[in-house]
Amino acid sequence: FFVGILSVSILFLFTYQFFIHLLFPNSSKEVELAFYCLVPVIFLGAFSSFFQGVLNGYSLIRQLAIVQVVAALGSVLAATVFAAGGHPIGYIAILLSCFIFSIVASAFFMRSQGWHKLGLIPPPVLFHQPTTGLVKEYLSYAVVTLCTGVSGALTIIAVRTLYIHQGGLSLGGNPSRVANG
């Protein structure tokens, strides 16, 4: 899982210039910096999706709903702090805050359930030779959550990028303003 997230992040790190020139042919240095800063967004977004997938996979639906609300509140908090300036890095901070709040809340609930019961940290030792069954169980949900998390994060980023391209940075956090004119 970690290797997959790291691979996608490194791939984006080396190809972000291509996306900038494709989506914003006459981009500024601020837009280039914002795209460069998307690497931690993709990285944390995949971790967030994985943790939420673990909660969902173990039928901790109540906790998953709370995690999603906490993540949304984190985005709102960041939007009130960072969006006022209209700087591209503020937009990245909004995306990062959502994932950070989600990861922290997910980790809290997984810890309260017992990490070892969820198969994330085998007791009593952290590092030992994993069994074939443990690896198969882990990969059965890790691969799916990695793929869906990365594709979900990239889709949201692509849609918001189109809004920004159409109407400016202020539309990145409020796509409904496009419809209202």
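Residues numbered from 1 in each chain as written. Predicted model: local features only at pLDDT ≥ 70, side-chain atom pairs only at ≥ 80, totals over all residues. Heavy atoms only, no water.

## Things to note about the environment of L23
Line of reasoning, step 1. Structurally, L23 is set in helix α1 (residues 2-23).
Line of reasoning, step 2. For L23, a relative accessible area of 26% translates into the label partly exposed.
Line of reasoning, step 3. If we ignore the near neighbours within four places in the chain, the residues touching L23 are F35, T161 and H165. (Helix = DSSP H or I, 4+ residues; strand = E, 2+ residues; numbered from the N terminus. Buried < 20%, exposed > 50% of the residue type's maximum accessible area, 1.4 Å probe, protein only. Contact = heavy atoms within 4.5 Å.)

## Considerations on the nonpolar core
Line of reasoning, step 1. Counting residues in hydrophobic clusters, the biggest one holds 18 residues, and the most contacted among them are F50, F51 and L55.
Line of reasoning, step 2. Of all the secondary structure elements, the ones that give two or more residues to this core are α3 (38-57), α4 (61-82), α5 (88-113) and α6 (132-167).
Line of reasoning, step 3. Dropping the residues within four chain positions of it, L55 is found in contact with L60, L64, V67, S106, F109 and M110.
Line of reasoning, step 4. Formed by 17 residues, the second largest nonpolar core is a distinct cluster that contains V39, L95, L96 and I164. (Core = buried A, V, L, I, M, F, W, Y, C linked by side-chain atoms within 4.5 Å.)

## Here we look at the environment of P25
Line of reasoning, step 1. Counting through the fold element by element, P25 comes out in the loop between α1 and α2 (29-36).
Line of reasoning, step 2. Leaving out residues up to four positions away in the same chain, P25 has contacts with I20 and H165.

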